[in-house]
Amino acid sequence: MSKTPPTTRDSKTQATQPDGKTTRGIHELYAEDPLAADKELWDRETDPLSRRGFIKRSSLLAMAAAVGASIPFADKMPAGLIPAALAQSDEPFNIEGKEGLTVLNDRPINAETPPHLLDDDVTPAKHMFVRNNGLPPKQSSIDVDSWTLEIAGESCQNPKSFTIAELKKQFDHHTYQLTVECGGNGRAEFNPSASGNQWTTGAVACPTYTGVRVKDVLKACGIKDDAVYIGYYGADTHLSGDPSKEPISRGVPMKKALEDESLIAWAMNDEDIPYQNGYPLRLVCGGWPGSVSGKWLNKIVIRNQRHDGTKMAPPSYSVPKHPVAPGTDVPLDDMVTIHSMPVKSLITFPKSGITHSDSGPLEVRGHAWAGDLSVKEVQVSTDFGVTWQKAELKDAPNRLAWQRFTAKLDFPEPGYYEIWAKAIDSEGNAQPMVVPGWNPKGYLNNACHRIAVQVA
Ligand SMILES: Nc1nc2c(c(=O)[nH]1)N[C@H]1C(S)=C(S)[C@@H](COP(=O)(O)O)O[C@H]1N2
Ligand SMILES: [Mo]
């Protein structure tokens, strides 16, 4: 079985259903190369001449788990056929508790937020993107009262388990607004295209989280001197259905884990964390790739070495150490794991494509963020980046939260304009105008966001 779960490859193969919804995921995977999809999903080998599958026991079990029963005639099933039980399921298209998101993949569920729905200072739960690597634990199997968080690992002095009630009782509560952005946000713009969900701009959000500090909980269990990393485990399961495989288990170096803002959270915007975003407990380490913020959290390990869970090693969440030409095959040894996310901004008002017909200036607004750093300036342009004006920029409510910018724009005459926004972080790094350093997995695209406006 390939360690990488099936991902969408190419937005051009996306199919549209009669009701206008798009199907992605399994259909797309099979549309591209059915035999490769068989191999990727079930580890099912096919003889290219006879097109008969050699169905291994493990493949059979994986397929049976996915369709929910054993398959007596599995050896007769033609190669490259999507089991109808999966092909005809439209269940994932209405994501419970979400509104207006664009579904990029249905298995696993991945959905992003259009820019104008990210206009709130604090992202509402219904507008927070969803990025799943595997299958969330069944909703009916989640019992908040018996849910436990285990703290263990070779650098933990006294391994312990806590119920959520115990966490709430034994440690101080903290609330922070935290920016969570997927490392692959913006991937759709890379050329040649990179495999994975084709995120445009909407795999970012900044809600508030309430919970206990990771450092308080780890200290209560004793952190040995040789501790260098933490790793998380969640209750979601591998797409193959194989319980011995985990969909993702990442972590952060001790220094990041022990920051005040690193939380073990049970609430988002003062309510339960939405199911798809990790209910009932999640890790949140803002400013780093979203993949370090483990959902459906049930275990944290304190490690005496770099955590080696699934998707910790290159090429996952890693970029070339040195710039490479687009399309280069980069050896894994020449890659580094992403830490802080780069400076970026998003124009959230107006919605791209509007007509501005008032006589006065147009107010634009959005957010800017810079990983572990803060944003010191945002500039906007209406003339394709020839001249720039400084936007008003607010301080963040706390470290690792995005910052609001606003600007009033005048236009010399009616016509088509583009509004571009560019943020600069506290160390002087600015967003690039064009897509930055190509990398094999399409991470860290922080190119300037632009929208279209017609002035009447
Ligand atoms: N257990 C678990 N945690 C996870 C993931 C996952 O698939 N399983 N996805 C990660 C990735 S890649 C991202 S970008 C964020 C997304 O958080 P969200 O789905 O709440 O927006 O969760 C991270 N935590
Ligand atoms: Mo991600």
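Everything discussed here concerns the structure shown above.
Summarised in this report is the structure supplied together with it. None of the values given here were measured: they were computed from a predicted structure.

### Remarks on the overall build of the chain
Then, number 1: Helix and strand content of the chain: seven helices and 29 strands.
Then, number 2: A total of 456 residues make up the chain; the buried ones form 53% of that total.
Then, number 3: Sequence-distant contacts, at least 24 apart, represent 69% of the contacts inside the chain between residues at least 6 apart.
Then, number 4: As displayed, the chain has an accessible area near 19,900 Å², and 51% of this comes from carbon and sulfur atoms.

### Describing the sheet that holds strand E21 (residues 344-349)
Then, number 1: Across the sheet, four strands lie side by side as E21-E23-E27-E26; this open sheet has antiparallel pairing. Both outer strands of the open sheet, E21 and strand E26 (392-393), are each paired with one neighbouring strand and no more.
Then, number 2: For E21 and strand E23 (residues 362-369), the ladder comprises five bridges, and the chain directions are antiparallel. Across the sheet, residue Ile347 finds its bridge partner in E23, namely Gly366.

### Re the site of ligand 1
Then, number 1: Lining the immediate environment of ligand 1, one finds 19 residues, of which Phe129, Asn133, Asp236, Arg282 and Lys295 sit closest.
Then, number 2: At a separation of 2.6 Å, a nitrogen atom of ligand 1 approaches a polar side-chain atom of Asp236.
Then, number 3: A distance of 2.8 Å separates an oxygen atom of ligand 1 from a polar atom in the side chain of Asn277.
Then, number 4: For ligand 1, whose unbound accessible area comes to 520 Å², protein coverage reaches 100%.

### Looking at the layout of surface pockets
Leftover empty space is mapped by rolling, across the atoms, a probe with the size of a water molecule.
Then, number 1: The space that makes up the second largest pocket amounts to roughly 360 Å³.
Then, number 2: In this structure, the second largest pocket is lined by 18 residues; those nearest its centre are Glu189, Thr201, Cys448, His449 and Arg450.
Then, number 3: Put simply, the parts of the chain that give the lining of the second largest pocket at least two residues each are E21 and strand E29 (449-455).
Then, number 4: In the lining of the second largest pocket, the residues fall into nine nonpolar, six polar and three charged.
Then, number 5: Residue-level mapping places the lining of the second largest pocket at the junction of two domains, with at least three residues from each of domain 2 (125-337) and domain 3 (344-455).

### Details of the nonpolar core
Then, number 1: Membership of the largest hydrophobic core comes to 40 residues, with the highest contact counts inside it found for Ile151, Leu167, Ile230, Ile264, Leu281, Leu283 and Ile300.
Then, number 2: Of all elements in the fold, only strand E8 (148-152), helix H5 (164-170), helix H6 (214-221), strand E14 (229-234), helix H7 (254-257), strand E15 (263-268) and strand E18 (297-303) reach the threshold of two or more residues within this core.
Then, number 3: No other element matches the four residues that H6 contributes to this core.
Then, number 4: If we skip the residues at most four places from it in the chain, Ile230 touches Val214, Leu218, Arg250, Gly251, Val252, Met254, Ala257, Leu283, Ile300, Val301 and His307.
Then, number 5: Listed in part, the 21 residues of the second largest apolar core include Val343, Val375, Ala391 and Ala407.

### Quick look at the pattern of salt bridges
Then, number 1: This model, assessed by the stated rule, comprises 17 salt bridges.
Then, number 2: Measuring nitrogen to oxygen at the nearest pair gives 3.2 Å for the salt bridge that ties Glu259 to Arg399. Note that Glu259 is positioned in the loop between H7 and E15 and Arg399 in the loop between E26 and strand E27 (403-409), a separation of 140 residues in sequence.
Then, number 3: For Glu259, a relative accessible area of 15% puts it in the buried group.
Then, number 4: When salt bridges with common partners are traced through the structure, they connect Asp119, Asp121, Glu363, Arg365, Arg404 and Lys408 into a single cluster.

Reading the values: rules and limits
- Residues numbered from 1 in each chain as written.
- Chains lettered and ligands numbered in written order.
- Predicted model: local features only at pLDDT ≥ 70, side-chain atom pairs only at ≥ 80, totals over all residues.
- Heavy atoms only, no water.
- Helix = DSSP H or I, 4+ residues; strand = E, 2+ residues; numbered from the N terminus.
- Buried < 20%, exposed > 50% of the residue type's maximum accessible area, 1.4 Å probe, protein only.
- Contact = heavy atoms within 4.5 Å.
- Areas by Shrake-Rupley, 256 points an atom, 1.4 Å probe, with all protein chains shown as cover.
- Pairing = 2+ DSSP bridges.
- Near = heavy atom within 4 Å.
- Polar contact = N/O pair within 3.5 Å; in protein donor to acceptor, adjacent residues only side chain to side chain.
- 1 Å grid on protein atoms, 1.4 Å probe; cavity = no way out; pocket = protein on both sides within 12 Å on 5 of 7 lines; lining within 4 Å.
- Points joined across faces, edges and corners; volume = space filled by probe spheres on them.
- Nonpolar A, V, L, I, M, F, W, Y, C, P; charged D, E, K, R; others polar.
- Domains from an automatic or database assignment.
- Core = buried A, V, L, I, M, F, W, Y, C linked by side-chain atoms within 4.5 Å.
- Salt bridge = Lys/Arg side-chain N within 4 Å of Asp/Glu carboxyl O.

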